[in-house]
Amino acid sequence: MKIKSIKNRNYKGKKVFLRVDYNVPIEKGVITDDTRITATIPTINYLLSQGASLILASHLGRPKGKPSPEFSLKPVAERLSKILNKEVKFAPDCIGEEVKKMVNELKEGEILLLENLRFHSEEENGDENFAKELASLADAYVNDAFGTCHREHASVYQITKFAKDVAAGFLIEKEVESLSKLLINPEKPFLLILGGAKVIDKINMVKNLLDKVDTIITGGVMAYTFIKAKNWEVGDSKVEEEAVPVAKEIIKEINKRHLEFHTPLDHVIVQKISEDAVPIITERGTVPHGWIGVDIGPQAIEEYTDCINRAKTIFWNGPMGIYEIKKFAKGTIELAKAIANSKAFSVIGGGDSAAAVDEAGVADKISHICTGGGASLEFLEKGTLPGIEVLKEE
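The structure displayed is predicted, hence computed values, not measured ones.

Asker: I'd like a rundown of the packing of aromatic side chains, residues and numbers included.
Answerer: This model, assessed by the stated rule, comprises 3 aromatic pairs. Between Tyr-46 and Phe-170 the ring centres are 5.2 Å apart and the planes differ by 70°, which places this aromatic pair in the edge-to-face class. Taken together, the residues Tyr-46 in helix α2 (residues 41-49) and Phe-170 in helix α7 (residues 170-183) connect sequence positions 124 residues apart. Relative to Phe-261, the ring of Phe-226 lies with its centre 5.3 Å away and its plane at 65°, an arrangement referred to as edge-to-face. You can see Phe-226 sitting in helix α9 (residues 220-229) and its partner Phe-261 sitting in strand β11 (residues 260-262), a full 35 residues away along the chain. The class for Phe-261 is buried, based on a relative accessible area of 17%.

Below is the structure:
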């Protein structure tokens, strides 16, 4: 897929509306993870080097269409100023006369971050008048917010109807290029690692990849849902009951295609989920009554590492257990290390999997880490996204 690039365009003296995804975790006014901010720095620096002034726009959290101090982007402006070692001005809103005045006063090389787009319900509703007002602030539009491209929101989708010059930033270019590699002639063997929860959200992506993958390994709630679909004992482990019938269908499709498919050979189990729980290892791939599976066991780690070592292409989405509790994170961390040490082209689908490779200290050895979990899954399901379609070369 060829999308419009910011390269070879003239931004000299232009005001550029740059849609970013700064939906970062903030606790008591402090940003706890600035990955999404740093991911946009190459695009910001490039546009500034071309002589542009920047109007940055993002959403944060779910303020339900009205101003809410806890969802203000002000801490983001402060963090971005430190990262760039340059002042980032902050607007009290994203539309209105005061914002227009601040935009008009912007000089070449200056940056203005607008307040949370979702303080207006029109953003999520895809309101065209709101989109038109946003577009009127600038001479050009650049989208670098991959994590929102699966939404037809005003600043992502509708705005392109009114913006004069539309292009994708470097982050979106990299996301599309990396995910497309998984869909178009991926190098084989292709390994799909499915973990975490939200099984229903991943089913269509799995179905779309069945003709492309060679091996599937599972962990977390995903594994227990598939184990239950095999009519095996899962004890009191968390299962997404509504997904069991679909999991049965997928197992049939996997068998029809003669794909290699693994649920864990053994499990780490506890009688209650807590920091002080005493875990034991099962002797087989089922979980006894009264016990809860919280991680894959040592045999599963060994088998899954072998699958990783044989792969030439890997896509991983979701942890292998209750990753938030350190003593149940071993399976997830070991897989992250194995992927980093493999020679495969590896893509991590955002979320907890991205946090795991970071925690394991191997993020720099992964080919690509997606900045949007939901967006990456939908891209792999459909081969495109609404916010990407409007950036395509004609």
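Asker: Give me the lowdown on the pairing of strand β1 (residues 15-19), citing residues and values where you can.
Answerer: One face of the sheet, then the other: side chains in a regular strand alternate in exactly this way. Among the 5 residues of β1, 5 are classified as buried, and the element is accordingly described as predominantly covered. Here β1 shows two buried faces, one formed by Lys-15, Phe-17 and Arg-19 and the other by Val-16 and Leu-18. With 4 bridges joining them, β1 and strand β7 (residues 140-143) adopt parallel strand pairing. Each bridged residue has a counterpart across the sheet, and for Phe-17 the counterpart in β7 is Tyr-141.

Asker: So what's going on with the nonpolar core? Residues and values would help.
Answerer: Residues Phe-17, Leu-114, Ile-172, Met-205 and Phe-315 are the most contacted members of the largest nonpolar core, which totals 73 residues. The greatest single-element share of this core, amounting to 6 residues, is contributed by helix α10 (residues 244-256). Excluding residues within four positions of it along the chain, Ile-172 makes contact with Ile-3, Asn-143, Asp-144, Ala-145, Phe-146, Cys-149, Ile-388 and Leu-391.

Asker: Mind laying out the side chain of Ser-274, listing which residues take part and the relevant values?
Answerer: Residue position: Ser-274 is located in the loop between β12 (267-270) and β13 (280-281). Setting aside anything within four residues of it in sequence, one finds Ser-274 in contact with Ile-325 and Phe-328.

Asker: So what about the packing of helix α8 (residues 199-209) against α10? Which residues, and what values?
Answerer: α10 packs onto α8 with a crossing angle of 15° between their chain directions and a minimal axis gap of 11 Å. On the basis of their axis angle, the class for α8 and α10 is roughly parallel. Judged by the sense of rotation from one axis to the other, the crossing of α8 with α10 is left-handed. Residues Ile-200, Ile-203, Val-206 and Lys-207 of α8 pack against Val-246, Glu-249 and Ile-250 of α10. Partitioned by chemical class, the residues of the contact of α8 with α10 number 5 nonpolar, no polar and 2 charged.

Asker: An account of empty space enclosed by the protein is requested, with residue identities and associated values reported.
Answerer: Within this structure, the stated rule accounts for 1 cavity of 30 Å³ or more. Of the volumes computed, that of the largest cavity is approximately 30 Å³. If you go around the largest cavity, the residues you meet are Asp-21, Arg-36, Ala-39, Thr-40, Asp-144, Phe-146, Gly-147, Leu-171 and Thr-371. The class makeup of the residues in the lining of the largest cavity is 3 nonpolar, 3 polar and 3 charged.

Asker: So what's going on with the environment of Pro-189? Residues and values would help.
Answerer: For Pro-189, the position within the fold is in the loop between α7 and β9 (190-194). Taking relative accessible area as the criterion, Pro-189 reaches 32% and is therefore assigned partly exposed. Between the C-alpha atoms of Pro-189 and Lys-312, which are 123 residues apart in sequence, the distance is 5.4 Å. When neighbours within four sequence positions are excluded, Pro-189 is seen to be in contact with Asp-214, Arg-310, Ala-311, Lys-312 and Thr-313.

About the thresholds
- Residues numbered from 1 in each chain as written.
- Predicted model: local features only at pLDDT ≥ 70, side-chain atom pairs only at ≥ 80, totals over all residues.
- Heavy atoms only, no water.
- Phe/Tyr/Trp six-rings, centres within 6.5 Å; stacked < 30°, edge-to-face > 60°.
- Helix = DSSP H or I, 4+ residues; strand = E, 2+ residues; numbered from the N terminus.
- Buried < 20%, exposed > 50% of the residue type's maximum accessible area, 1.4 Å probe, protein only.
- Pairing = 2+ DSSP bridges.
- Core = buried A, V, L, I, M, F, W, Y, C linked by side-chain atoms within 4.5 Å.
- Contact = heavy atoms within 4.5 Å.
- Axes fitted to C-alpha atoms, helices over the stretch in contact; angles between N-to-C directions.
- Parallel < 35°, antiparallel > 145°, perpendicular 65-115°, else oblique.
- Left-handed = near helix turned anticlockwise from the far one by under 90°.
- Nonpolar A, V, L, I, M, F, W, Y, C, P; charged D, E, K, R; others polar.
- 1 Å grid on protein atoms, 1.4 Å probe; cavity = no way out; pocket = protein on both sides within 12 Å on 5 of 7 lines; lining within 4 Å.
- Points joined across faces, edges and corners; volume = space filled by probe spheres on them.

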